[in-house]
Structure formats: structure tokens, C-alpha cells
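So the chains spell out like this:
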Number of protein chains: 2
Amino acid sequence: MSTIPAHKRIRDDLVAQIESGVLGGRERLPGEVDIAAQYGVTRMTVRQALSGLVNDGLLVRRRGVGTFIATNAAQRRNMNRLVGFTEDMRAAGRTVETRILAQLIVPATSDIADALELTVGVHVTHVGRLRIVDGTPVIIQHSWVPCELCPDLWSEPLIDDSLYATLRDRYGIVLRRADQRIAADAATGERASLFGVPARSPLLRVERVALDDRNLPVEVARSWTRPGYEIATHIER
Amino acid sequence: MSTIPAHKRIRDDLVAQIESGVLGGRERLPGEVDIAAQYGVTRMTVRQALSGLVNDGLLVRRRGVGTFIATNAAQRRNMNRLVGFTEDMRAAGRTVETRILAQLIVPATSDIADALELTVGVHVTHVGRLRIVDGTPVIIQHSWVPCELCPDLWSEPLIDDSLYATLRDRYGIVLRRADQRIAADAATGERASLFGVPARSPLLRVERVALDDRNLPVEVARSWTRPGYEIATHIER
DNA sequence: GAGTGGTCTAGACCACACG
DNA sequence: GTGTGGTCTAGACCACTCT
């Protein structure tokens, strides 16, 4: 039985209240001393909890005034958080269908091996998916994960169509950090036809390396997003 | 006379050492207690400094092991930091030329007014620039700033071609946060010819609202980046 | 066992915004 | 002046990694 740190509990409570709409708009939170009293902790612990949310763009602090829910905080859920596509869309109330494009073991190419800190040719599981939101194909996702970490990933269906849920629930792997590179690509014929858009349409390409809590690289992902869809980010300080 | 907080000094020292190459690779930092002793502060203060850098993706912490410089930390300088294009490129040793496309006062359109929390038609200064790095046109940047904040911006040359340097040094405005939306666009004829690429080439479009330290919106920016260039981001937790 | 980072306490003083 | 967040101290105990 592991104990959940107090600051994490406070943070999760606030996120839940923001996502459920209990807190919204530009509402003011109680002062840090009040929250501290409410949870029976020190102000420093409260600040630790709030800082994470400020960093994610969910809260805004103003010295001498107070701490406020950021405008559109509920819609910014995904901004700087490492959340799988499924969880994110479902939380937003969307219907997500998934078409599996690939699910098999392949030898790591040099770029994949490089990102995962493996040697070329080591076995990795390749999962390719087309995600369809409310009937519209929105994103093509290809992921590569070392077979060593998830031996049966290639042969068993994903839990809830979600790779991240599968890694977490079946293999105990929790992702903590990711580095991403974002660029614009012209749609190849194949990708254009998956999306049902003209060839050479502009697509967002995201390449991601995700690491677990021991900073071991777990997943390399490469995705293309349908024209018209956006990525939101938040920069603090 | 303003005093610089200790954690900021520690952070800036480390950033300088990383950027100058004194610290690099996956080098280990001294332990938190050692750094604390070195600066004559508490461990909590050191942790405050380090946390910011971990969040920016420059450092990696491993419990029971130590704190390390992230791989490619020097190249990730810009990842999650609110830095102007000029500063960023110059720090990377690139030559930046700037062609001014527009510098004038215009009435705020509804989308600009919305983002800046003004009423439609209020005067804003529009600055449009084409940035040329090592001879290649790389980014088209359009910014809108309320005239109230910077009355002479339209008529005076920018300091060092940098809008952010001008806002800081001439008007005392320091940017603290930004929300960005990233998408892929097909190049219009005009933008294609500025870049010297075929029409309908895929471009990265970034729309940004930047806020100052009092959380007042200062700048709306809309930029397009030449095909082949990327944006890097880091997600923590 | 020794050393590291993760969490937390119980205070303190300061800078700032607002009435 | 009052209340807010910003910074900081001087400890403490814990979980984890490595040897």
C-alpha cells in the first residue's frame, strides 16, 4: 500500500473540480492559508500543489490578489499534460472509434533504436492506429515500444483501444515526461486517403519520445493530424 | 533597487553553465545539499531553482541517484521558454536578418480585440516581420500590441529588431506566460513567395497570446514557419 | 549503510494590490 | 491596514538506488 502525497491529493481534487465544472470561469480560489487549514497541511505543501497547476496553465496566480481558475481551464485539460488521446477525447465527451492499422513485432530501425536507447534490430512492437472522432478520421498514430517492456502487446487487443491505458494496467508502466517535435507535412497519398482529404494537404506531424518515472524511454510515437485540428500549449515564465 | 531572489540566481547560473557548455552531456550535478551549502541557502531554495529547470526539460532528477543535465539540454534552450526569436537564434550562433513587412497603427479586429481583452476598434500597433536566418527566410511573424502600452512602437525602429527586447527595454514590459495554438496551413501565394517555396506548401502556424507579470494580455502573435522547420516542446508529469 | 531526491512542518519576513 | 502570493529558513522523516 503506497501513500499518496498530500500535494498530489490537493492537486487531483482541484483538477476534478475544474473538469466537473464545480470551479470555472475566472473564479477565485480560497487563499493558500485557507486551503492549508482545510487539508491540515502547511502552506508550502499547498503551494507545491498549486504550482503544478499554474505550470499546466489551469491556474493563474496574482500576487496581492489571489489565485484564479484560468479562462478556458476546462478546455485546456490537455495542454501540457501527458494524457493519451483516448482519455483526452472521452473526457471531452467525444465518441472515439479506432481502426488498427498495424500491431506487430518489428526490428528497430536506426531512428527508433536511437530514441529508445536500444541497438538497431532489437525487437519492438509497432502499433498503428487511425482514430475517428464523432465519425471524422482525425489522427494517424504510430507507436513503437520495446518488446522487453511489453512482451504480449503485439498479440493482445489494447485495453479500451488505448496504448497508455494498456501500458499502465497490463504492464505497470506510467509515463512521466515526453519530448516532442512538431512540424508541418504534406499528406502522402496513403494518409490523404485515410483522412479523405486531397493529397498534399497540410498535416501536423508530432514526434514524441515518452519516458517513464525512472526516465527510461518507453515509447516513440509519430502522428499526423487532419487539417484544421490544432495543438494547444502553455508556456510559463 | 530590486533584489534578485536566490533561487533565480541559482537557476540563471545553471542555465549559463549549460548554454556555455561548462555543463553538458548527461553530467551529474552536485547533490542538493552541496548546492545549498555552496550558495548559503536551504535545500528548499535549491529545489525551487532546480524544479523550474526540470520543468523546462533542461534537467532530469532521479531519486536515489542524482540530478543530471538532460541530453541535448543546450539545444533545448528554447523548448518551453518564452524567448523572442532574435534572442533564441543569436544565442544559437545564427545570423538573423529582419525585413519589416508592416509597422503601423490599426484598429483592433474582433479576434485581436478578443485575445487582448479590448473592445473592437481600439488602436493596436501591428508589427509584421520576415526573419531570415543564415540567408534563408524562415519565419513570418505578425504581432499586435495595444497602443496604450507602447505609444511610440509604430514610429520608432525596434531595438535590435526584437519586439520583446523593445517591449522590455523601452516600455518595461516583461512577458511571463503565453498560450499557443499550433496548426498546419497551406502556404498562400504571398507567403509562398516570401519563403521562395511552391504555393500550398505545408507551413506551421502558431498563434500566441502573451501575458505580462500582472497577467494582462500584451501581445497577440501569428506566425508561419518555413517547411522543414520544427518546434520542440517538453511535457513533464 | 550511505547518499540521493521526495515530502513536509512551523514558522518568518517581504512585495504587492486593494479598499 | 489587511490580505494576498513570493521567498526563505532549519530542520525532519521517508523512499529509493547503489555498492
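Look a little higher up for the structure.
Residues numbered from 1 in each chain as written. Chains lettered and ligands numbered in written order. Predicted model: local features only at pLDDT ≥ 70, side-chain atom pairs only at ≥ 80, totals over all residues. Heavy atoms only, no water.

**Q** Just give me the short version of the protein's contact with DNA strand C, but keep the residues and values in it.
**A** Taken together, 27 residues sit near DNA strand C, with Ala6, Thr42 and Thr45 of chain A together with Arg43 and Arg47 of chain B positioned nearest. Close to the protein, within 4 Å, the atoms of DNA strand C are drawn from sugar and phosphate at a rate of 68%. Between a sugar or linking oxygen of DNA strand C and a side-chain N or O atom of Arg63 of chain A, the distance comes to 2.9 Å. Arg47 of chain B places a polar side-chain atom, nitrogen or oxygen, 2.8 Å from a phosphate oxygen of DNA strand C. Of all the secondary structure elements, the ones that give two or more residues to the surface near DNA strand C are helix H1 (6–19) and helix H3 (43–55) of chain A together with helix H3 (43–55), strand E1 (59–62) and strand E2 (66–69) of chain B. For the surface near DNA strand C, the per-class residue count stands at seven nonpolar, ten polar and ten charged. (Near = heavy atom within 4 Å. Polar contact = N/O pair within 3.5 Å; in protein donor to acceptor, adjacent residues only side chain to side chain. Helix = DSSP H or I, 4+ residues; strand = E, 2+ residues; numbered from the N terminus. Nonpolar A, V, L, I, M, F, W, Y, C, P; charged D, E, K, R; others polar.)

**Q** Any chance you could break down the pattern of salt bridges for me, citing the residues and the numbers?
**A** Enumeration according to the criterion identifies 32 salt bridges over all chains in this entry. One salt bridge connects Arg9 of chain A with Asp13 of chain A, and the closest N-O pair in it is separated by 3.9 Å. Taken together, the residues span about one helical turn, with Arg9 of chain A and Asp13 of chain A both in helix H1 at a distance of four residues. According to the relative accessible area criterion, Asp13 of chain A is partly exposed, its value standing at 25%. Taking the shortest distance from any N to any O, the salt bridge between Arg26 of chain B and Glu117 of chain A comes out at 2.9 Å. Placement of Arg26 of chain B in the loop between helix H1 (6–19) and helix H2 (32–39) and of Glu117 of chain A in the loop between helix H5 (110–116) and strand E4 (123–133) is noted, with the two residues assigned to different chains. Taken individually, Arg26 of chain B and Glu117 of chain A each receive the classification exposed, so the pair is uniform in this respect. A cluster of three or more residues bridged by salt bridges with shared partners is formed by Asp111, Arg181, Asp185, Arg205, Glu207 and Arg222 of chain A together with Glu230 of chain B. (Salt bridge = Lys/Arg side-chain N within 4 Å of Asp/Glu carboxyl O. Buried < 20%, exposed > 50% of the residue type's maximum accessible area, 1.4 Å probe, protein only.)

**Q** Outline the protein's contact with DNA strand D, listing residues and values.
**A** Around DNA strand D, a shell composed of 27 residues is seen, among which Arg43 and Arg47 of chain A together with Ala6, Thr42 and Thr45 of chain B lie nearest. The share of sugar and phosphate among atoms of DNA strand D within 4 Å of the protein is 69%. Contacts to DNA strand D include Glu32 of chain A, whose backbone N or O atom sits 2.9 Å from a phosphate oxygen. Interatomic distance of 2.7 Å between a side-chain N/O atom of Arg47 of chain A and a phosphate oxygen of DNA strand D. Contributions of two or more residues to the surface near DNA strand D are made by H3, strand E1 (59–62) and strand E2 (66–69) of chain A together with H1 and H3 of chain B. Taken together, the residues that form the surface near DNA strand D break down as seven nonpolar, ten polar and ten charged.

**Q** So what about the side chain of Ser143 of chain A? Which residues, and what values?
**A** Residues and elements named next belong to chain A. Here Ser143 lies in strand E5 (residues 136–146). Polar side-chain contacts of Ser143 include one of 2.8 Å to the side chain of Glu219. Residues within four places of Ser143 in sequence aside, it is in contact with Thr125, His126, Val127, Arg129, Leu163, Glu219, Val220 and Ala221. (Contact = heavy atoms within 4.5 Å.)

**Q** I'd love a proper account of the sheet that holds strand E3 (residues 96–107) of chain B, names of residues and values included.
**A** One open sheet holds the seven strands; their spatial order is E9(A)-E6(B)-E7(B)-E8(B)-E5(B)-E4(B)-E3(B), and the pairing between them is antiparallel. The open sheet is flanked by strand E9 (231–236) of chain A together with E3 of chain B, the only strands paired with a single partner. The average undirected angle you get between the axes of adjacent strands in this sheet is 15°. Pairing between strand E4 (residues 123–133) of chain B and strand E5 (residues 136–146) of chain B: ten bridges, direction antiparallel. Each bridged residue has a counterpart across the sheet, and for Leu130 of chain B the counterpart in E5 of chain B is Ile140 of chain B. (Pairing = 2+ DSSP bridges. Axes fitted to C-alpha atoms, helices over the stretch in contact; angles between N-to-C directions.)

**Q** An account of unusual backbone geometry is requested, with residue identities and associated values reported.
**A** Unlike most non-glycine residues, Asp160 of chain A shows phi in positive territory, near 60°. Considering the arrangement of structural elements, one finds Asp160 of chain A in the loop between E5 and helix H6 (163–171). Unlike most non-glycine residues, Asp134 of chain B shows phi in positive territory, near 50°. Of note, Asp134 of chain B is situated in the loop between E4 and E5. By relative accessible area, which is 45% here, Asp134 of chain B ends up partly exposed.

**Q** Got a sec to walk through helix H2 (residues 32–39) of chain A? Specific residues and values, please.
**A** Residues and elements named next belong to chain A. Among the residues of H2, Glu32, Ile35 and Ala36 are the ones counted as buried. With its buried residues spanning 100° around the axis, H2 presents them on a single face. Every exposed residue of H2 that faces more than 90 degrees away from the buried side is listed here: Val33, Ala37 and Gln38. Buried residues belonging to H2 abut H1, H3 and E1. Gly40 lies just past H2 and shows a positive phi near 70°. (Arc of directions from axis to C-beta.)

Structural measurements only, silent on function.
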